[in-house]
Amino acid sequence: DEIRAESFDRGSKYNPPRTVTLDSKFEGAVRISPWPGYAVMVIKKTGERRVVQHPATALLDFNETLLPLSLSQGRPKEDNRIYKTVYISVTNNTVTDRIEAETRDLCRVSVDVAYRVNFEGDDPTRWFSNQNYVKLLTDHMRSKLRHVIKQTGIQDFYQNVTTIVRDAVLGEKPEEDDRPGCVFDENGMRVYEVEVLANEILDHDIARLLVEAQMGDVRQQLLIAAMDRDLELAQRQEEVAREKATC
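Residues numbered from 1 in each chain as written. Predicted model: local features only at pLDDT ≥ 70, side-chain atom pairs only at ≥ 80, totals over all residues. Heavy atoms only, no water.

Visitor: When you look at the packing of helix H2 (residues 154-170) against helix H3 (residues 204-246) in this model, what are you seeing that I'm missing?
Guide: Helix-helix packing is characterised by the crossing angle of the two axes and by the distance between the axes. H3 packs onto H2 with a crossing angle of 65° between their chain directions and a minimal axis gap of 11 Å. Classed by the angle they form, the pair H2 and H3 counts as roughly perpendicular. The two elements H2 and H3 cross, and the hand of that crossing is right-handed. On the side of H2, the interface is formed by Ile154, Gln155 and Tyr158, while H3 contributes Ile206, Leu210, Val211 and Gln214. Looking at the contact of H2 with H3, its residues break down into 5 nonpolar, 2 polar and no charged. (Axes fitted to C-alpha atoms, helices over the stretch in contact; angles between N-to-C directions. Helix = DSSP H or I, 4+ residues; strand = E, 2+ residues; numbered from the N terminus. Parallel < 35°, antiparallel > 145°, perpendicular 65-115°, else oblique. Left-handed = near helix turned anticlockwise from the far one by under 90°. Contact = heavy atoms within 4.5 Å. Nonpolar A, V, L, I, M, F, W, Y, C, P; charged D, E, K, R; others polar.)

Have a look at this one:
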């Protein structure tokens, strides 16, 4: 028997996708122009380093790169939430955090703060000596504030939380000068201001009792003020009556 092979033609032929060839070589150099208040560090493969700070600009050589930073994010700041950047805000830098602590009478509290930070010193390369300056700052301040709060009673904390935080972070205020602030020798960072954004007593029963006690104090003060006014009015009325009687 004769075996015949059948053949068929495709209705269409395979057309390869269109391609574009890009020239991977760029002409010229990369120019760095930091924003106002920011700085970057340029590193050569030989290990040489230089800092470029606004308003200066720089052209990167072929063997130069920018130092990357990994900054903690969130409130409270967490190590597993990282923001990668090459810029440092050297003036008016704001870092927020949340501190949970325990008072002297074993009450759990929470404080939200905002630190105001400048980078100072004659050697700007020190500013980049810590890859995560946010973690350095918040870890140190958490330890300091927890220590101070541990020595404070819950009622004192509730009434004076702002003063307690400012004294712990910035130092006690002199009579005729500004607070010294907190200086980090590791990287030239200085905390020059701190703001208490919020505070909370985590035990809701104790928080309710403190609010009720404060409201009671306010009511007593208002009552005493009203009684003082009544007394002054009565005394004035008696004075007027005596003056009329002598006329």
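After that view, the rundown keeps rolling.
Visitor: Explain the pattern of salt bridges here, please?
Guide: Two side chains carrying opposite charge are able to pair once their charged atoms lie near each other. Inspection of the entire model under this criterion finds 13 salt bridges. Connected through shared salt-bridge partners, Arg75, Arg98 and Asp112 make up one network. (Salt bridge = Lys/Arg side-chain N within 4 Å of Asp/Glu carboxyl O.)

Visitor: I tried to follow the nonpolar core on my own but got confused; where do I start?
Guide: It is characteristic of soluble globular proteins that their nonpolar side chains tend to be buried jointly. Residues Tyr115, Leu137, Val165, Val169 and Val191 are the most contacted members of the largest nonpolar core, which totals 43 residues. With residues near it in sequence (within four places) discarded, Val191 still touches Tyr115, Arg116, Val117, Leu137, Met141, Val169, Leu170, Gly181, Cys182 and Phe184. By size, the runner-up hydrophobic cluster in this structure holds 6 residues, among which are Ile32, Val52, Ala58 and Leu60. (Core = buried A, V, L, I, M, F, W, Y, C linked by side-chain atoms within 4.5 Å. Buried < 20%, exposed > 50% of the residue type's maximum accessible area, 1.4 Å probe, protein only.)

Visitor: Help me understand the packing of aromatic side chains, please; the structure alone is not making it clear to me.
Guide: Aromatic ring pairs are defined here through the distance separating the ring centres and the angle between the ring planes. Applying the stated criterion across every chain, the model contains 5 aromatic pairs. When the centroid spacing of 6.3 Å and the interplanar angle of 85° are considered together, the rings of Tyr38 and Tyr87 count as edge-to-face. One end of the pair, Tyr38, is in strand S2 (residues 38-44); the other, Tyr87, is in the loop between strand S7 (78-85) and strand S8 (88-89), with 49 residues separating them in the sequence. A centroid spacing of 5.2 Å and a plane angle of 90° characterise the contact between Phe119 and Tyr133, whose relative ring orientation is edge-to-face. Taken together, the residues Phe119 in strand S10 (residues 108-119) and Tyr133 in helix H1 (residues 133-150) connect sequence positions 14 residues apart. Given a relative accessible area of 5%, Phe119 falls into the buried group. You can call Tyr133 buried: its relative accessible area is 5%. Put simply, the rings of Trp35, Tyr38 and Tyr87 pair up and form one aromatic cluster. (Phe/Tyr/Trp six-rings, centres within 6.5 Å; stacked < 30°, edge-to-face > 60°.)

Visitor: Looking at this structure, I do not really get a negative patch on the surface. What am I missing?
Guide: The grouping of Glu175, Glu176, Asp177 and Asp178 at the surface amounts to a negative patch. Counting through the fold element by element, Asp177 comes out in the loop between H2 and strand S11 (182-184). (Patch = residues over 30% accessible without salt bridge, like charges linked within 9 Å, V, L, I, M, F, W, Y side chains within 5 Å. Areas by Shrake-Rupley, 256 points an atom, 1.4 Å probe, with all protein chains shown as cover. Lys, Arg positive; Asp, Glu negative; His and termini not counted. Charge placed at Lys NZ, Arg CZ, Asp CG, Glu CD.)

Visitor: Looking at this structure, how should I read the pairing of strand S6 (residues 69-73)?
Guide: For a regular strand, side chains alternate in direction, first toward one face of the sheet and then toward the other. Of all 5 residues that make up S6, 4 are buried, and the element is covered over most of its length. Direction of pairing for S6 relative to S7: antiparallel, over a ladder of 5 bridges. Bridge pairing links Leu69 to Thr85 in S7. Linkage of S6 to S7, two consecutive antiparallel strands, is achieved through a turn of 4 residues, within which Gly74 is found at a positive phi near 90°. (Pairing = 2+ DSSP bridges.)

Visitor: Quick question: what am I supposed to make of the sheet that holds S11 here?
Guide: In sheet architecture, strand pairing relies on hydrogen bonds along the backbone and comes in two forms, parallel and antiparallel. As summarised here, the arrangement of the 4 strands in space is S9-S10-S12-S11, forming an open sheet in which the pairing is antiparallel. Two strands bound the open sheet, and with one partner strand each, they are strand S9 (93-102) and S11. Averaged over neighbouring strand pairs, the angle between their axes works out to 35° when direction is ignored. Along the sheet, H2 contacts S10, S11 and strand S12 (189-201); its crossing angle with S12, the most-contacted strand, is approximately 165°.

All quantities given are derived from atomic positions and should not be read as evidence of function.
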